[in-house]
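What follows is the residue order along each chain.
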Amino acid sequence: MSPAIALAFLPLVVTLLVRYRHYFRLLVRMVLLRSFRDCLSGLRIEERAFSYVLTHALPGDPGHILNTLDHWSSHCEYLSHMGAVKGQILTRLVEEKAPACVLELGTFCGYSTLLIARALPPGGRLLTVERDPRTAAVAEKLIRLAGFDECTVELIVGSSEEVIPLLRTQHQLRRADLVLLAHRPRCYLRDLQLLEAHVLLPAGATVLADHVLFPGAPRFLQYAKSCGRYRCRLHHTGLPDFPTIKDGIAQLTYAGPG
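Residue numbers here run from 1 along each chain, matching the order of that chain's written sequence. Whole-chain, interface and lining totals are the exception, using all residues; otherwise, since this is a predicted model, local features are given only for residues with pLDDT of at least 70 and side-chain atom pairs are given and counted only at 80 or more. In computing side-chain properties, one takes all heavy atoms of the structure into account and sets aside hydrogens as well as water.

With an unreviewed UniProt entry as reference, the protein chain is termed catechol O-methyltransferase, source organism Tupaia chinensis. Its UniProt record, at the heading Sequence similarities (unreviewed entry), says of the protein chain: "Belongs to the class I-like SAM-binding methyltransferase superfamily. Cation-dependent O-methyltransferase family." UniProt positions are given in the numbering used here, feature names are shortened, and annotations may be inferred rather than shown by experiment.

In structure tokens:
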């Protein structure tokens, strides 16, 4: 490319960088810097986050552990976790609904798991599913460090597609009063339909789905709005540490099979 052509495109490039600078910063922090630190340390980001928690958080104090993860994500490495703003929405709903049993698909580092566990009513139970064994091992340590035993929080390692059909027989889950979808948005619709097919959603159950606007789950939202079995509400938020990047949590209330 000649210098003249390059100069002609320069205003366009500058305009795009300015307009999408927040997405560019997110790309740098989530992909480039994370990959560099993964190679340099030999550890994944959730493992580095847990090491920070071990040296800075109070064992047995879920709130302090959550605050420590927020601080680490803001000041050290972007964790791409749920964050405090979305966490308030999740906590409020768990406290309002007082579910006897909660199902979480996508444990990751255990951040949202702790939010749910500490808001459960007495005797409440949380089953959380993580497909990656190495990530699940970190989350397991974080959950136990926070003081929750296996009677309160059971972590299941496996893909959601394989685990959901086994929840009733192998994990004694008869119904999920509240479900959090926080794994892969492209799997939300498939897993919601699996929950319906295996009769794990009672009438009145709440289904929360994170990241429905960014990166987005359009087929899931279209199904929820058009199938006639859900009342839908969208909580508009931003990404943690990137509030100008718009995201949202979908809140579905299941009316029954229809």
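All right, on to the sheet that holds strand β6 (residues 230-239) then. Two strands qualify as a pair provided that DSSP identifies no fewer than 2 bridges between them. By the criteria applied, helices consist of DSSP H or I runs no shorter than four residues and strands consist of E runs no shorter than two, each listed in order from the N terminus. Spatially, the seven strands line up as an open sheet ordered β3-β2-β1-β4-β5-β7-β6, and their pairing is mixed. Of all the strands in the sheet, just β3 (153-157) and β6 have a single pairing partner and so form its edges. Each adjacent strand pair in this sheet contributes to an overall mean axis angle of 15°, direction not counted. Relative to strand β7 (residues 242-254), β6 is paired through ten bridges, and the arrangement is antiparallel. Residue pairing in the sheet places Gly-238 in a bridge with Lys-246 of β7. Here the axes come from fitting lines to C-alpha atoms, over the contacting stretch only for helices, and the angles between their N-to-C directions go from 0 to 180 degrees.

Here the focus is the domain arrangement of the protein chain. Domain borders in the structure are assigned automatically or taken from a domain database. Taken domain by domain, the protein chain consists of domain 1 (1-42) and domain 2 (84-254). Here the C-alpha centroids of domain 1 and domain 2 sit 33 Å apart. Working rule for contacts: check all heavy atoms of both residues, and any pair within 4.5 Å makes them a contact. Opposite the six residues of domain 1 that make contact, domain 2 presents seven residues. Its largest share of buried area at the contact with domain 2, domain 1 owes to His-22, Tyr-23 and Leu-26, together 67% of the area lost on that side. Counted as a polar contact is a pair of N or O atoms within 3.5 Å, where, for protein atoms, one must be capable of donating a hydrogen and the other of accepting one, and residues adjacent in sequence contribute only when both atoms are in side chains. Applying the counting criterion to the domain 1 and domain 2 interface returns one residue pair in polar contact (both at pLDDT 80 or more). Looking at the side of domain 1 that touches domain 2 residue by residue, the class counts come to two nonpolar, two polar and two charged. When two components associate, each loses some accessible surface as probed by a 1.4 Å sphere; the sum of these losses over both components is called the buried area. Residue type decides the class: Asp, Glu, Lys and Arg count as charged, Ala, Val, Leu, Ile, Met, Phe, Trp, Tyr, Cys and Pro as nonpolar, and the leftover types, Gly among them, as polar.

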